[in-house]
Amino acid sequence: MLFRSGSLGDAGCDVDADCMSGLSCGMGDGLYFYGEEKANVCTDGRKMSLDFLGDGTNYARFNDATQALDTEFAVNMWIKPLSESAEGRLVSKPRADGGAGWNINIDNGQVEFVGVGDPVKFWSSGKAGVDVDRWQMVTATFSQDARKLYVDGQLVATDPAAATTAMTTASEDSPILIGREFLSDYQGGRPLKYVRVARVAVWSKAIIAEEVASLKAGMSP
């Protein structure tokens, strides 16, 4: 995992009230943000919340050469929009090697799960509203039957369109990105701005509604 420069570090929090339930504000020993040995972050020692202010260089990248996340997967995260101007890519995976790419976006107070297959076939789960200045859980699931979007454990949108026809292979050229899209020359990769993100989790299966509800209740699927 690589943390790039930007709004990390002491932008993370000032008091415990800035953090989501289960995390507290404190100095993160051993965390390095562009040479700073310590940073004031929301953490429990293993999990952190990250701030994104939209400079395009502040993101986390996960390379995984073993998981393609193609035929099915799920992504779960907690988000807190800090402004009505919150926008950008919460989580994305590029359309490398002609396969399927996807993004979980926020714009104009709404989240959306979107993607593209090959041949070019755009799809969208549909949009759902999220509140400013409140922690809420966003879950997206992808399968060959449907793409679904949940907010706070409740199904809010679904796309039962045809299955993706070309799958993305496991590759370092197809990483998971938190906080931007896999682009370098268009809008800085559509950077995420004015959003706090915590507890991002990814599964190589499409978790079901009961499992999403268990996550909202603080359990693991």
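Structural data are supplied above this passage.
Here goes a summary of the coordinates provided.

1. Quick word on the pattern of salt bridges
Scanning the model with the defined rule gives six salt bridges in all. Taking the shortest distance from any N to any O, the salt bridge between D131 and R134 comes out at 2.9 Å. The salt bridge partner of K205 is E211, with a shortest N-O separation of 3.0 Å. On the accessibility criterion, E211 (16% relative accessible area) is buried.

2. Thoughts on the packing of aromatic side chains
In total, this model carries six aromatic pairs according to the counting rule given. Pairing F73 with F113 gives two aromatic rings, centres 6.2 Å apart and planes at 85°, and the pair type is edge-to-face. Separated by 40 residues along the polypeptide, F73 in strand β6 (residues 73-81) and F113 in strand β9 (residues 110-117) bring together distant segments of the chain. Of the two residues, F73 and F113, both sit in the buried class. Here the aromatic rings of F73 and F142 are separated by 5.0 Å at their centres, their planes lie at 10°, and the arrangement is stacked. Here F73, found in strand β6, pairs with F142, found in strand β11 (residues 136-142); they are 69 residues apart in sequence, far enough to count as distant. The exposure class assigned to F73 is buried, which follows from its relative accessible area of 0%. Through pairs of rings, three or more aromatic residues link up here, namely F73, W102, F113, W123 and F142. Seen from the ring of W123, R147 lies directly overhead, with NZ or CZ sitting 4.7 Å from the centre.

3. Some words on the side chain of N105
Within the fold, N105 resides in strand β8 (residues 101-107). Accessibility expressed as a relative area gives 10% for N105, which makes it buried. For N105, the contacting residues outside a window of four places in its chain are G88, R89, L90, Q110, V111, E112 and V114.

4. Thoughts on helix α1 (residues 209-216)
All of the buried residues in α1 are E211, V212, S214 and L215. The arc enclosing the buried residues of α1, seen along the axis, measures out at 155°, which places them on a common side.

5. Comments concerning the pairing of strand β13 (residues 154-159)
Sheet faces and side chains relate simply in a regular strand, where the side chains alternate between the two faces. Relative to β13, strand β12 (residues 147-151) runs antiparallel, the two being bridged by five bridges. Counterpart to K148 in the pairing with β13 is T158. Counting the residues in the hairpin turn of β12 and β13 gives two residues, including D152, whose phi is positive at 55°.

6. Looking at the nonpolar core
Membership of the largest hydrophobic core comes to 28 residues, with the highest contact counts inside it found for I79, L90, V91, I104, I106, V111 and F113. Counting residues per element, this core draws most heavily on β6, which supplies four residues. With 13 residues, the next largest nonpolar core counts C25, C42, Y150 and L215 among its residues.

Conventions used here
- Residues numbered from 1 in each chain as written.
- Predicted model: local features only at pLDDT ≥ 70, side-chain atom pairs only at ≥ 80, totals over all residues.
- Heavy atoms only, no water.
- Salt bridge = Lys/Arg side-chain N within 4 Å of Asp/Glu carboxyl O.
- Buried < 20%, exposed > 50% of the residue type's maximum accessible area, 1.4 Å probe, protein only.
- Phe/Tyr/Trp six-rings, centres within 6.5 Å; stacked < 30°, edge-to-face > 60°.
- Helix = DSSP H or I, 4+ residues; strand = E, 2+ residues; numbered from the N terminus.
- Lys NZ or Arg CZ within 6 Å of the ring centre and 35° of its normal.
- Contact = heavy atoms within 4.5 Å.
- Arc of directions from axis to C-beta.
- Pairing = 2+ DSSP bridges.
- Core = buried A, V, L, I, M, F, W, Y, C linked by side-chain atoms within 4.5 Å.

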